[in-house]
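# Summary of the model geometry
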Amino acid sequence: MSPAGSDSNPLRVAVVGSGPAGFYAADALLKAAGVVAEVDLYERLPTPFGLVRYGVAPDHQKIKSVTRAFEKIASHPRFRLRGNVHVGRDVTVAELCEHYHQLVVTIGSASDRKLGVPGEDLGGSHAATSFVNWYNALPEAAGERFDLSHERAIVVGVGNVAMDVARVLLRSVSELGQSDIADHTLALLRESRVREVVVLGRRGAEHAAFDQSEIQDIAELDGVAVDVDGDEIAAALAAAPDADSATRRKLEYLQGLAAAPRKPAERRLVLRFLSSPTALHGDGRVREVEIERNQRQGTSARGTGERTRLAAGLVLRSIGYRGVELPGLPFDAASGTVPNREGRVVDAEGALVPRCYVAGWIKRGPSGVIGTNKSDASATVQRLLEDVPALPDAPRAGGVALDALLAERGLRVTSFSDWKRLDAIEVERGAARGKVRDKLCSVPEMLALLGAAG
Ligand code: NAP
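Below, the structure is looked at part by part.

Cut-offs and rules
- Here the residue numbers are simple positions, counted from 1 along each chain's written sequence.
- Local features are withheld for residues below a pLDDT of 70 in this predicted model, meaning they are given only at 70 or higher, and side-chain atom pairs are given and counted only at 80 or more; totals for whole chains, interfaces and linings count all residues.
- For side-chain calculations, the full set of non-hydrogen atoms in the structure is used, while hydrogens and water are omitted.
- Think of it this way: one heavy atom of a residue within 4 Å of a molecule or strand is enough to make that residue near it.
- In protein, a polar contact requires one atom able to donate a hydrogen and another able to accept it; more generally it is a pair of N or O atoms within 3.5 Å, and residues adjacent in sequence count only if both atoms are side-chain atoms.
- Using a 1.4 Å probe, accessible areas were evaluated by the Shrake-Rupley method; residue-level cover was limited to the displayed protein chains.
- Each helix is a run of DSSP H or I of at least 4 residues and each strand a run of E of at least 2, with the numbering of both proceeding from the N terminus.
- Ten residues, namely Ala, Val, Leu, Ile, Met, Phe, Trp, Tyr, Cys and Pro, are considered nonpolar, four, namely Asp, Glu, Lys and Arg, are considered charged, and the remaining ones, Gly among them, are considered polar.
- For every residue, the accessible area (1.4 Å probe, protein chains only) is compared with the maximum for its type, and the residue is labelled buried under 20%, exposed over 50%, or partly exposed between those bounds.

This part is about the site of the ligand. What surrounds the ligand is a group of 21 residues, the closest being Val158, Asn160, Arg202, Arg203 and Gly368. With respect to the ligand, the backbone of Val161 contributes an N or O atom lying 3.1 Å from an oxygen atom. In this structure, a nitrogen atom belonging to the ligand sits 3.3 Å away from a side-chain N or O atom of Glu214. Against a free-state accessible area of 920 Å², the protein chains account for coverage of 78% of the ligand. Of all the elements, helix 7 (residues 160–170) adds the most residues to the shell around the ligand, at three residues. A per-class count over the shell around the ligand returns 10 nonpolar, seven polar and four charged.

Given below as structure tokens:
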């Protein structure tokens with residue numbers, strides 16, 4: 001019998017999750033020298049691209065244009081998208097392992113982290129990731145409700161996601177209306193009374209995780225000013241004499257903002273560093289946030305005990321994404337990732353789980369930009385390819401053999417051409433209304449538009 005990876009016994013790999021890590025893993029497999037690989041990319045929704053479609057902000061269309069590279073990967077004759085299949089629910093990891101030589105899990109980090117302070121579960125307090133899902137028209141987030149009737153919103157955390165949500169709250173509706181923002185969000189933003197977004201960083205400004213370009217984007221918005229305390233930035237510069245050049249430039253940029261004459265503005269972003277929320281207060285809904293002043297302690301910070309209260313009607317905690325367990329695979333609840341050695345999945349005792357691999361955020365945690373997943377996925381695929389010679393020679397049937405089972409389970413598996421039809425509908429509907437695209441956000445509607453398979 002021919003070995004796996006040959007013309008007559010192609011290496012059949014299931015990749016689970018069609019975000020950047022999934023597409024980059026597929027690309028690395030299809031381009032691998034000396035190996036004939038067939039890739040089935042499983043996605044729980046009929047729409048591919050994961051975080052590029054549902055994470056990247058609607059007013060960052062340039063970043064979303066990476067989907068053109070993914071389309072090129074999808075055009076490979078040995079690539080197939082198998083959409084509308086939720087692995088772990090519609091089909092098990094064990095069933096995939098039975099039908100494929102190897103499995104690469106790239107499901108990202110679908111959940112969020114909690115602050116662990118009293119009042120966090122009051123109405124009006126949400127994970128920033130829920131807000132992101134909602135404005136990006138993720139189907140299951142369409143029913144979320146956000147209260148924009150108060151003048152002030154508070155965002156906890158100073159990463160790029162914090163900047164995204166702050167910018168969407170502050171940017172003019174006419175600008176956002178041209179993007180692919182969800183209609184339900186646009187309707188609420190039209191009525192929004194939010195005039196001030198206060199962003200809280202627990203450490204000093206030298207540790208702010210956002211990129212300079214992200215704060216610059218906000219400072220350059222029409223009708224929006226950024227308030228930041230010049231003394232705090234001076235202290236940050238003094239506290240971090242060895243900061244890398246990007247951090248120094250960012251601090252100098254913030255110093256420039258602090259020194260500039262106060263810009264008359266309809267809406268403001270207020271950056272407050274060395275500030276931690278210690279409790280959320282309200283009567284069922286959040287009304288005030290108690291904030292403790294911190295002081296630097298090495299590269300960390302500790303509370304001073306000095307507390308103030310700030311009124312707000314919306315609190316978004318933007319303190320990081322968190323991975324979710326995929327039934328059938330080991331999971332490390334502490335880090336929210338699948339335990340692995342260089343992408344090879346291992347169990348709690350450190351023993352290899354044969355033929356299972358991970359890439360992207362579920363492998364290393366929620367960090368880096370889209371491009372980071374390219375090298376990460378490629379490194380995982382290298383390990384996977386090293387393991388191919390040890391695979392048994394028996395061919396694996398691949399996804400086609402699963403079709404009958406999935407049909408029996410009532411699933412309409414969607415293909416990349418199905419997605420292209422949905423894509424065309426979204427773009428056409430958007431063009432009629434002056435938008436980049438008008439996103440479909442109901443899976444039943446998508447499936448009805450597609451009709452029966454084939
Ligand atoms: P992030 O960059 O890790 O930022 C998380 C922020 O939350 C940090 O400021 C962190 O502060 C803070 N934080 C964590 N736990 C906290 C707590 N208990 N209390 C208060 N603050 C807390 O995460 P992210 O903003 O979710 O972004 C995820 C990744 O996506 C990042 O790599 C980001 O660059 C990327 N991204 C990129 C773009 C873009 O390129 N335009 C847009 C969005 C996201 P400490 O530093 O003190 O822990």
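This part takes up unusual backbone geometry. Backbone geometry at Leu274 places phi at a positive 50°, although glycine is not the residue there. Of note, Leu274 is situated in the loop between strand 10 (267–272) and strand 11 (275–282). A residue is classified by how much of its surface remains accessible, and Leu274, at 4% relative accessible area, is buried. One non-glycine residue, Arg355, lies in positive phi territory at about 70°. With respect to the element layout, Arg355 can be found in strand 18 (residues 352–358). Look at Arg355 and you get partly exposed, because its relative accessible area is 22%.

Limitation: the analysis is restricted to geometry and does not speak to function.
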